[in-house]
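One letter stands for each residue in the lines below.
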Amino acid sequence: MHGPDRTIDVVLKWRRSTDVGAVLMPQPEPPVVGRRECVPTMCVVHPERVVEHEYLGLLEEELQEEIDEWEEARLAEDDADAYSSAPPASYATYEEYEEAMAAAGAAEPEEINYMSDLSIAPGWKVGGFASWHLTDPAPVDCEVCDSAMPPLLTVDMWECDGASRSVYLGRGLMRVHTCPAYPVHPHRLSFL
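Cut-offs used in this document
Residues numbered from 1 in each chain as written. Predicted model: local features only at pLDDT ≥ 70, side-chain atom pairs only at ≥ 80, totals over all residues. Heavy atoms only, no water. Buried < 20%, exposed > 50% of the residue type's maximum accessible area, 1.4 Å probe, protein only. Helix = DSSP H or I, 4+ residues; strand = E, 2+ residues; numbered from the N terminus. Pairing = 2+ DSSP bridges. Patch = residues over 30% accessible without salt bridge, like charges linked within 9 Å, V, L, I, M, F, W, Y side chains within 5 Å. Areas by Shrake-Rupley, 256 points an atom, 1.4 Å probe, with all protein chains shown as cover. Salt bridge = Lys/Arg side-chain N within 4 Å of Asp/Glu carboxyl O. Lys, Arg positive; Asp, Glu negative; His and termini not counted. Charge placed at Lys NZ, Arg CZ, Asp CG, Glu CD.

> Please set out the pairing of strand 3 (residues 174–177) residue by residue, giving values where relevant.
Going residue by residue along strand 3, you find Met174 and Val176 tucked away on one face and Arg175 and His177 tucked away on the opposite face as well. The sheet contact formed by strand 3 and strand 4 (residues 188–191) spans four bridges and is antiparallel. Note on strand 4: the bridge partner recorded for valine 176 is leucine 189.

What follows is the structure in C-alpha cells.
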C-alpha cells in the first residue's frame, strides 16, 4: 500500500450510513501491499467510549504545575500510608511472609499518573488527542485553509492488549488528520 513518498496510502471515503449497501464477500484486497503485515486482518470491533485529556506538554504552564503538585501530593500520601502500615519485619514461615505481602499489596491505593492514566488512551481510536511522547508536539494544519487538524483515526501497530498483531506500521502509531472546517480538504498523516 504505497502512497506518495512511499508511505502508507490512506483513502478516505465520506458517505452516509443509509447509502452503504451489502458488505462485499470476500473483502477486496489492494493490488499492491508491500508486506503481508500491512494488510488488516478480518476482525470484530468492540468499541468502547473512553475519556482522555490533552497531552501534558500542550496544556497551559499553570495547569501543568497544578497537575505536578497534585501528583506529588498523592505520592506523599501514598508514602505516608505505606510507612504507617508496613508489615512486621520477620515472619515464622515463608507462607506467612507471602500472605502479608499479598495483603499489603492489595491494601495499597492505586497510583494515578496524569500521563499514564488520564491523558492519551492507547490503541486504535476514533477522535481523541494525539500523543507526542516520542517527539515534541508538532502542528498538523490543513494545507488549504490552515485550520488545526485533529486526529480522525489513530491506528496503533497492535491492539491495546499487546498480544494481538494484526497490523504492523513500523515504530508505532499512524494518525489520520482531517480538516474540521472542511472535511473534503486533503487529509494528512502523522507517524509516531
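Picking up where we left off.
> A description of unusual backbone geometry should follow, citing residues and the corresponding values.
Between methionine 25 and the following residue, proline 26, the backbone shows a cis peptide bond with an omega angle of -5°. When you line up the elements, proline 26 lands in the segment before helix 1 (61–84).

> Before we move on, could you go through a negative patch on the surface and cite the residues and values that matter?
Taken together, the side chains of Glu60, Glu61, Glu62, Glu65, Glu66, Asp68, Glu69 and Glu72 make up a negatively charged region of the molecular surface. Examined against the element boundaries, glutamate 61 turns out to sit in helix 1.

> Lay out the pairing of strand 2 (residues 151–155) with the relevant residues and their values.
Direction of pairing for strand 1 (residues 125–126) relative to strand 2: antiparallel, over a ladder of two bridges. The partner of lysine 125 across the bridge, within strand 2, is threonine 154. By the bridge criterion, four bridges tie strand 2 to strand 3 in an arrangement that is antiparallel. Paired with leucine 153 across the two strands is valine 176, which belongs to strand 3.

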